[in-house]
Protein chains: 2
Amino acid sequence: MQSLGAVDASGTSSSSEIHLKRGSSTLQHSEGRLLIGESLQEPGDWEIKDVVCPLFSASLVCVTDSLGIFWLWQEVVTVPANQTFLMPEGMSFEEAAAFLVNYITAYMILFDFGNLRPNQSVLIHMAAGGVGTAAIQLCKTVENVTIFGTASASKHDSLRESGVTHPIDYRTMDYVEEVRKISPKGVNIVLDPLGGSDTSKAFNLLKPMGKLITYGVANLLTGQRKNLMAMAKTWWNQFSINALQLLHHNKAVCGYHLGYMDEESDLIAGVVAKLVSLYNQGKIKPKIDSVWPFEQVSSLEQSSLGLYMLSVPPLSVGGRCHEADAGEEEYWESCPSS
Amino acid sequence: MQSLGAVDASGTSSSSEIHLKRGSSTLQHSEGRLLIGESLQEPGDWEIKDVVCPLFSASLVCVTDSLGIFWLWQEVVTVPANQTFLMPEGMSFEEAAAFLVNYITAYMILFDFGNLRPNQSVLIHMAAGGVGTAAIQLCKTVENVTIFGTASASKHDSLRESGVTHPIDYRTMDYVEEVRKISPKGVNIVLDPLGGSDTSKAFNLLKPMGKLITYGVANLLTGQRKNLMAMAKTWWNQFSINALQLLHHNKAVCGYHLGYMDEESDLIAGVVAKLVSLYNQGKIKPKIDSVWPFEQVSSLEQSSLGLYMLSVPPLSVGGRCHEADAGEEEYWESCPSS
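Residues numbered from 1 in each chain as written. Chains lettered and ligands numbered in written order. Predicted model: local features only at pLDDT ≥ 70, side-chain atom pairs only at ≥ 80, totals over all residues. Heavy atoms only, no water.

Looking at an unreviewed UniProt entry, one finds chain A named Vesicle amine transport 1, with Crocodylus porosus as its source organism.

In C-alpha cells, the structure reads:
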C-alpha cells in the first residue's frame, strides 16, 4: 500500500495517519467518501468503520514516484488523520464526495477573502459548477446579496431557483455589459475560476473596496478552442498589477488554491465545522447531476446541473491488503496489522 | 470664495454644498475642524454654527485652477455636505482634526480588506503615526490580536502601553527576522504605508489566507536618504504580481487610498458612524503629540508620539466674506446671504 505522506498542523511530519478503504461495495466514487481503516501509528478520534470524508480526495487515486505522477485507481490509501472529517448524519455518499473541496473553496473565498456582507453583490462565473453551486448557496445565507451568475442559457431556470438574481449567458452576451446595465458601478466581489483576460475584466468590474478572487485558470485548460494558440493567449493576457497601480484603485486581488493548504489543518477544520453546521441546518446541500459507471464515461453528456459522479469498480491490483473484495469484515481481517 | 466642487453618492454633481469657516478664533488647524456656514442650494441636516468635521481636510486649504493645484490657506471654503460629519460630544478640536482620515483609513484597511478576526496577528508599520495609532486602537477592539509594530526605539514604551505586543526598531533590526522569530509562519495582515521592497517583504511575511494592504509609498517620498537615486530604487523595487503567481500563494493584495473614495459617501458615512460609536464608548481616541503655531514649524522636533497639529493664524486674503475676523456672530452677520 502506498503512503502519500502527511503533515501536521505545525508543519512537521505527522505521526497520525490512517488507512482508508474506498467507498461501499455498492457505490464507489472517484472523489471522496470512504470507510475508515486502522490507525497506523497513533489511534485517532475515529473508530474502525466510522464513515469519513477525506479532504483531498484526489489523493485517493494518485501515487507519485521519482519520475513524476501516475494516476491510478486504488482500493486502499493512507492519508493524514487531520485531513479526514466525519460525515454528518444523513449525508449521502454522493453528497460527501461533492462536499469538502467545493464548499471549503466557496466558503473561504467568499467569507475570508471576499468578506461578504449584507446588501453586497457577487459575480459568480461557472455558476452551475461545483464551486459555483456552493457559492450561490453560501451567498443565500447572507441577507440581501445580489448574485450575478454566468452559465449557458439552458441552466438559467435552475440557477434562478437556486437564488441567482441575474443569470447571464456568457456564450451569447458580453457579461461585463450585462452586469453594468443592472449595476453601473459594478459588483463587490468577483469569483474568478477563468483566468486570462477574464481576470482583468473582473478587476475592472469591481466597485471601490471590491475584491477579485482568482481560484483557477479554466481558460488555460479548456475554452471553446482547445489549441496551443488559445492557451498562449490566455497566458499572455493574464492579469498583472503592481502596488502603485493597486493603490489608486481601492481594490483587492486575491489568489486561492486549496491544494496548497495542506499544512493548514486547523484553519480547514474550522471551516469544515461551520460547513457541517450549515449542512445540518439545511442551508447548504451538494447538487449531484448524475452518477456514471466508469465504463460509460465516454457517453457522458456535456451539460450538467450540479456535479457528475464517477462510480468505479473494485480493483485487483498488486500491493498489501489487495485481497479485500469480499466484504468489510473479511477485508480488515486479511490485513497483516489488523 | 472658491468652490471646490462636489459629487454626491450617485456620482452626479451634488446640489448640496456648504460653506465652512475655519476653526475657532482661538485655535485653528491645518487639518479639519470647522464651524459650519450656510447651505448654498439645499438646506442640509446641519444648522448654522453646528460643529462639523469635513472629510477631506486638505480640501480646506487648497484650490485648483486650470493650470494645476495651488496650495493656499483659506478662511472659508465650500465642501460637499455629504463629506462633513457632526463632531461627537466631548471631542476636542485637536481630536477632530486627527480623527476622520486616520481612523477611516485604519478601519477600512483592517476590517474591510483585512477582515481582522479574533486570535489573528497584524504587522503595523509606522506604528506611532496617525494611521498606525488608529490601527492599534482598532486592533484592541478585537479579541486576542497580536500586534507587531515598527517604530524607533524611543517610542516602544508608549507603543507597549497602547497595546503593541511586539514593538520592533526597524532602524537597528531586520523586522522580517524579528517577526519570524516570534511567529515563524508570519502574520495574518500587514498594513504597508511604505511601498518599494517593503511591500514584497510584507507579501512574503503573510500566512496562508493573509492580506497585504498597501496604502502609501512613504519610501518614495522620504526614507533616510532623500535623493533621486533612493526614489528610483523604491520605484524599481515596487511589488508586482500576476494572477497565476497569486493563485499559488493563497494571499490577498489590496490597495487603499481614501483620496479616491470621494464618490463613496454612503460607504464612508457608515464607517464614520461606527467610529463615532467606538469613540463614544471610549475605545478609540486620537493621540495628539503637540500643537505648533505655524511660525514655529521650523523648530518642530523630528520624533513624535501621535500627531503634530498646526495652528494657523487668521488671514486677510480677498474674497467674499473675508471681513470676518472679529468673532463668529459678526462673521456670519457680515456674509451677504446670512
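Colleague: Which residues make up the sheet that holds strand β8 (residues 121-124) of chain A, and what are the values?
Modeller: Strand order in this open sheet of 12 strands is β10(A)-β9(A)-β8(A)-β11(A)-β12(A)-β14(A)-β14(B)-β12(B)-β11(B)-β8(B)-β9(B)-β10(B), and the pairing throughout is mixed. The open sheet terminates on both sides in strands that have one partner only, identified here as β10 (166-168) of chain A together with β10 (166-168) of chain B. Taken over all neighbouring pairs, the strand axes of this sheet differ in orientation by 15° on average, direction set aside. Here strand β11 (residues 187-192) of chain B pairs with strand β12 (residues 206-214) of chain B via five bridges, running parallel. Its bridge partner being in β12(B), Ile189(B) is matched across the sheet by Lys211(B). In the packing of helix α2 (residues 130-139) of chain A onto the sheet, contacts are made with β8, β9 (146-150) and β11 (187-192) of chain A, and the angle to β8(A) comes to roughly 170°. (Pairing = 2+ DSSP bridges. Helix = DSSP H or I, 4+ residues; strand = E, 2+ residues; numbered from the N terminus. Axes fitted to C-alpha atoms, helices over the stretch in contact; angles between N-to-C directions. Contact = heavy atoms within 4.5 Å.)

Colleague: I'd like a description of the pattern of salt bridges, backed by residues and values.
Modeller: Enumeration over the complete set of coordinates arrives at 12 salt bridges over all chains. Salt-bridge contacts for Lys211(B) lead to Asp112(A); the nearest nitrogen and oxygen are separated by 2.3 Å. Separated into two different chains, Lys211(B) in strand β12 and Asp112(A) in helix α1 (residues 93-113) make up a pair that spans both. Across the pair, Asp112(A) and Lys211(B) agree in class, each one buried. In this structure, Asp157(B) engages Arg160(B) in a salt bridge whose closest nitrogen and oxygen atoms are separated by 3.3 Å. Here Asp157(B) pairs with Arg160(B), and both are found in helix α3 (residues 156-162), just three residues apart, close to one helical turn. On the basis of relative accessibility, which here comes to 57%, the residue Asp157(B) falls in the exposed class. By sharing partners, the salt bridges in this structure join Asp112(A), Arg117(B) and Lys211(B) into a single network. (Salt bridge = Lys/Arg side-chain N within 4 Å of Asp/Glu carboxyl O. Buried < 20%, exposed > 50% of the residue type's maximum accessible area, 1.4 Å probe, protein only.)

Colleague: Now, about the interface of chain B and chain A: what can you tell me, with residues and values included?
Modeller: In many analyses, interface size is given as the accessible surface area lost on bringing the parts together. Contact with chain B, which involves 41 residues of that partner, is made by 41 residues of chain A. When chain B packs against chain A, the two sides together hide about 3500 Å² of surface, and 59% of this comes from carbon and sulfur. Seen at the junction of chain B and chain A, the total is 26 residue pairs in polar contact (both at pLDDT 80 or more). Of all elements in the fold, only α1 (93-113), β12, β13 (240-242), α8 (243-247) and β14 (251-255) of chain B reach the threshold of two or more residues within the side of chain B that touches chain A. The residue inventory of the side of chain B that touches chain A, partitioned by class, reads 22 nonpolar, 12 polar and seven charged. (Buried area = accessible area lost by both parts, 1.4 Å probe. Polar contact = N/O pair within 3.5 Å; in protein donor to acceptor, adjacent residues only side chain to side chain. Nonpolar A, V, L, I, M, F, W, Y, C, P; charged D, E, K, R; others polar.)

Colleague: Can you explain the packing of aromatic side chains? Please cite residues and give values.
Modeller: The full count for this structure, using the stated rule, is eight aromatic pairs over all chains. Taken together through their ring pairs, the aromatic side chains of Phe99(A), Tyr103(A) and Tyr279(A) make up a single cluster. When the ring centre of Phe203(B) is taken as reference, the NZ or CZ atom of Lys251(B) above it lies at 4.7 Å. (Phe/Tyr/Trp six-rings, centres within 6.5 Å; stacked < 30°, edge-to-face > 60°. Lys NZ or Arg CZ within 6 Å of the ring centre and 35° of its normal.)

Colleague: Give me the lowdown on the pairing of β11(A), citing residues and values where you can.
Modeller: All names here are of chain A. β11 sits mainly inside the fold: six of its six residues count as buried. Of the pairings in the sheet, the one linking β8 to β11 comprises three bridges and is parallel in character. Within the sheet, the bridge partner assigned to Leu123 lies in β11 and is Val190. Traced from β11 through helix α5 (residues 197-204) to strand β12 (residues 206-214), the parallel crossover comes out right-handed. (Right-handed = clockwise from strand over helix to strand, strands pointing away.)

Colleague: With reference to specific residues and values, describe helix α4 (residues 175-182) of chain A.
Modeller: Residue and element names in this part refer to chain A. Within the span of α4, buried status applies to Tyr175, Glu178 and Val179. On an axial view of α4, the arc spanned by its buried residues comes to 95°, and they lie on one face. Sitting at the head of α4, Asp174 places a side-chain oxygen 2.8 Å from the backbone nitrogen of Val176. (Arc of directions from axis to C-beta.)

Colleague: Give a description of the side chain of Asp192(B) that names residues and reports values.
Modeller: All names here are of chain B. Within the element layout of this structure, Asp192 appears in strand β11. For the buried Asp192, no salt bridge is present, and the opposite-charge side chain at shortest range is Lys201, 10 Å distant. Looking at Asp192, its side chain comes within polar contact range of the main-chain nitrogen of Leu194, at 2.9 Å. Not counting the four nearest positions on each side in its chain, Asp192 is found in contact with His125, Asp198, Thr199, Leu212, Ile213, Thr214, Tyr215 and Gly216. (Lys, Arg positive; Asp, Glu negative; His and termini not counted.)

Colleague: Account for the domain arrangement of chain A, naming residues and giving values.
Modeller: Residues and elements named next belong to chain A. Taken as a whole, chain A is organised into domain 1 (1-42 + 51-99 + 262-314) and domain 2 (114-255). Applying the counting criterion to the domain 1 and domain 2 interface returns zero salt bridges. At the junction of domain 1 and domain 2, the tally comes to three residue pairs in polar contact (both at pLDDT 80 or more). Counted by class, the side of domain 1 that touches domain 2 contains five nonpolar, three polar and three charged residues. (Domains from an automatic or database assignment.)

Colleague: Give a detailed account of the environment of Met91(A), specifying residues and quantitative values.
Modeller: All names here are of chain A. Along the chain, Met91 falls in the loop between β7 (84-86) and α1. A C-alpha to C-alpha distance of 9.6 Å links Met91 and Pro286, two positions 195 residues apart in sequence. If we skip the residues at most four places from it in the chain, Met91 touches Ala96, Phe99 and Tyr279.

Colleague: Lay out the relation of the copies chain B and chain A in plain terms, naming residues and giving numbers.
Modeller: In the superposition of chain B on chain A (RMSD 0.0 Å, axial shift 0.0 Å), the rotation amounts to 180°. Such a combination of rotation and displacement between the chain copies is what one expects of a two-fold axis. Comparing interface residues between copies, 100% of those in chain B also sit at the interface in chain A, which points to an isologous, same-surface contact. (Least-squares fit on C-alpha atoms with pLDDT ≥ 70 in both.)

Colleague: Account for the nonpolar core, with residues named and values stated.
Modeller: Membership of the largest hydrophobic core comes to 100 residues, with the highest contact counts inside it found for Ile104(A), Leu191(A), Tyr256(A), Ile104(B), Leu191(B) and Tyr256(B). Not counting residues within four places of it along the chain, the set of residues in contact with Leu191(A) comprises Ile109(A), Leu110(A), Val122(A), Leu123(A), Ile124(A), His125(A), Ala135(A), Ile213(A) and Tyr215(A). In this structure, Val187(A), Phe239(A), Phe148(B) and Val176(B) belong to the second largest nonpolar core, which totals 35 residues. (Core = buried A, V, L, I, M, F, W, Y, C linked by side-chain atoms within 4.5 Å.)

Colleague: How would you sum up α1(A)? Please name residues and give values.
Modeller: Residues and elements named next belong to chain A. Compared with an ideal rise of 1.5 Å per residue, which puts 21 residues at 30 Å, α1 spans 30 Å between its outermost C-alpha atoms and is within 8% of the ideal. In terms of burial, α1 is largely enclosed, as 19 of its 21 residues are buried. Where α1 starts, the residue carrying a side-chain oxygen 3.0 Å from the main-chain nitrogen of Glu95 turns out to be Ser92. One or two positions beyond α1, positive phi appears at Asn115, with a value near 50°. (Expected span 1.5 Å × (residues − 1).)

Colleague: Explain the packing of α1(A) against helix α9 (residues 265-280) of chain A to me, and be specific about the residues and the numbers.
Modeller: Residues and elements named next belong to chain A. The N-to-C vectors of α1 and α9 enclose an angle of 115°; their axes lie 10 Å apart at closest approach. With respect to α9, the axis of α1 lies roughly perpendicular. The crossing of α1 and α9 is right-handed. Each of Glu95, Phe99, Leu100, Tyr103, Ile104, Tyr107 and Met108 in α1 lies in contact with α9, whose residues at this interface are Leu267, Ile268, Val271, Val272, Lys274, Leu275, Val276, Leu278 and Tyr279. Split into classes, the residues belonging to the contact of α1 with α9 amount to 14 nonpolar, no polar and two charged. (Parallel < 35°, antiparallel > 145°, perpendicular 65-115°, else oblique. Left-handed = near helix turned anticlockwise from the far one by under 90°.)

Colleague: An account of the confidence of the model for chain A is needed here, citing residue identities and associated values.
Modeller: Per-residue confidence for chain A averages 74 on the pLDDT scale, and 63% of its residues sit at or above 70. Counted against residues more than four places away or in other chains, residues 316-338 of chain A, with its pLDDT under 50, gives 36 contacts. (pLDDT = per-residue confidence, 0-100.)

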